[in-house]
Each structure stands twice: as structure tokens, then as C-alpha cells.
Amino acid sequence: MPLIKTTGLVIQHTNIGEYDRMLSILSPTLGMIQVSAKGARSMKAGLHNATRCFCYAEFILYPAKKEIYSLKSAAPLQVFLELAEDLDRLETATEIAKFARYLCISADYAKPMLRLVLGSFHLLCHDANPKQVQLTFLLKAAQTAGFTPDFSTCARCGSTDALVWFDTENGTCLCSGCATKKNLSPSLLAMFQYILNAPVQRCFAYRAEDALLAAADPLLFAFIRQHIGYFGNAKKGRR
């Protein structure tokens, strides 16, 4: 059977025995796949770096048997070593990888999801605010997977003005004329709208104060829990 060539990001690796690893790789063409990497931890095999967590590499695979591919060879393209130099960066990258692994069960939207993860890691390696990177990734990744909250119109009257309440259970907003309480400021609404409306390559290109991110955090995590069933670790945005 022909070999399979793909790029991909190692989202998770598990050491097995003395020399082997089991990898979870996000491939733009195959989706989230499991790969058995025999001898990957042996220095003689030359696979140690390419099979580490958060390494973006080119992989040559044997076809899957019982949904598990086997690794023939791998060449690192980007290793993101800077993530391990700071605990906040590493924790944020880990949470991003967990959410991507949870969401990306097929190849249908693997390419934009991979682009989002790589973009997040690149920003974390260049001193971006981890809270902002994580929040932006979570919302854009949810949208990419088909879970898009509506921050554009009032669910009750259809108005596009003065949206002041976000209903996390329904993923919709209410305007000041229909809502009896408020949890959206104009700045918070504008930030959510920007992330959702911007293309993947531009969705991180905004500035937000920590207070704004702190206000966004409980709303976004509540939406994700209720609509996606993902609980994850919300502490990064709640400090």
C-alpha cells in the first residue's frame, strides 16, 4: 500500500515502554489522527524532536490499521521551543491543544483549525498576552467547528443596536429594549464581533485590556460548556 505524506502538529504524545511513542497529530488533510511511533525516543532513530509535543513536522506514514497510522519518518519544520521557557505560555498552549483535540475529530475543518493553533503558538512565542491568545483561539475555534454565537442582532426584536445581554444558553443577544439585565459592554461586544468576523489570519490582530478579557471569560466558557460540552481548564482567563 502507498505511503502517506502529510504535514501536521503533534498535539499530544504518550511515551510507551523504553523507546516508543503514541502521537496525536493534527493533519490539515487527515484531521486528528493517532500515530504509532516505534523507536521515536531512541536517539539513533532521529525521530526524537519531530515526535515531541507541539512540533510541527512533515510525516511519512504507513496506512492506518484499526484507525492507528504507523510512522516511517518525520522531519521537523517548527518546534516552538519558546513555549517551554515560560509557564503561562506552556499552560496556554496545552489548553489550546486540548480544545483542538476535542473539536477536530474529522478532516472537514482540520486545515483552518491547524492554522489557528499554529498562529496561537507563534504569538505565544513572541510575547503576546496568553489570556488574549487563549480567548481568541477558543471563540474562533468554536466558530470553525460550527458553534457560532450570534452577536449581530437581538434575538427578540431583530435590532442591531445597543446589544447588552448575551444569553450563553441560546448563544444569542438581546438589545437594551428587550433585556432586563446587562452583561455586554460596547467594548466587549465589539471584541467578540471582531474575532468572529475577521478571517483566521487576522482574528488575533486587536488589543484588549485584562479587564475586558476578564469580563469575556465567563461568558465564553459558559457558551462552550453548554454548546460543545467541553469543560477544560478555565483558570487561565480567571486569574
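This text follows the structure it describes.
Report on the accompanying structure. (Residues numbered from 1 in each chain as written. Predicted model: local features only at pLDDT ≥ 70, side-chain atom pairs only at ≥ 80, totals over all residues. Heavy atoms only, no water.)

### Observations concerning the packing of helix H3 (residues 130–144) against helix H5 (residues 210–228)
- At a closest axis distance of 10 Å, the pairing of H3 and H5 adopts a crossing angle of 35°. In the packing of H3 onto H5, the handedness of the crossing is left-handed. Residues Lys131, Gln132, Gln134, Leu135, Leu138, Leu139 and Ala142 of H3 form the contact with H5, whose own contacting residues are Asp210, Leu213, Ala216, Asp217, Leu220, Phe221, Ile224 and Ile228.
- For the contact of H3 with H5, the class distribution of residues is 10 nonpolar, 2 polar and 3 charged. (Axes fitted to C-alpha atoms, helices over the stretch in contact; angles between N-to-C directions. Helix = DSSP H or I, 4+ residues; strand = E, 2+ residues; numbered from the N terminus. Left-handed = near helix turned anticlockwise from the far one by under 90°. Contact = heavy atoms within 4.5 Å. Nonpolar A, V, L, I, M, F, W, Y, C, P; charged D, E, K, R; others polar.)

### Some details on the sheet that holds strand E2 (residues 20–27)
- Reading around the barrel, the 5 strands line up as E1-E2-E3-E5-E4 and close back on themselves, with mixed pairing between neighbours. For this sheet the average axis-to-axis angle between neighbouring strands, irrespective of direction, equals 50°.
- Relative to the sheet, helix H2 (residues 110–124) contacts strand E1 (4–16), E2, strand E3 (31–37) and strand E4 (56–65), its axis offset from that of E2 by approximately 110°. (Pairing = 2+ DSSP bridges.)

### Structural notes on helix H4 (residues 186–197)
- For H4, built from 12 residues, the straight-helix expectation of 16 Å at 1.5 Å per residue is met to within 8% by its first-to-last C-alpha distance of 16 Å.
- Within the span of H4, buried status applies to Leu188, Leu189, Met191, Phe192, Ile195 and Leu196. The buried side chains of H4 occupy one side of the element, clustering within an arc of 160° when seen end-on. Turned more than 90 degrees off the buried face of H4, the exposed positions are Pro186 and Asn197.
- Where H4 is buried, its residues touch H3, strand E6 (163–167) and H5. (Expected span 1.5 Å × (residues − 1). Buried < 20%, exposed > 50% of the residue type's maximum accessible area, 1.4 Å probe, protein only. Arc of directions from axis to C-beta.)

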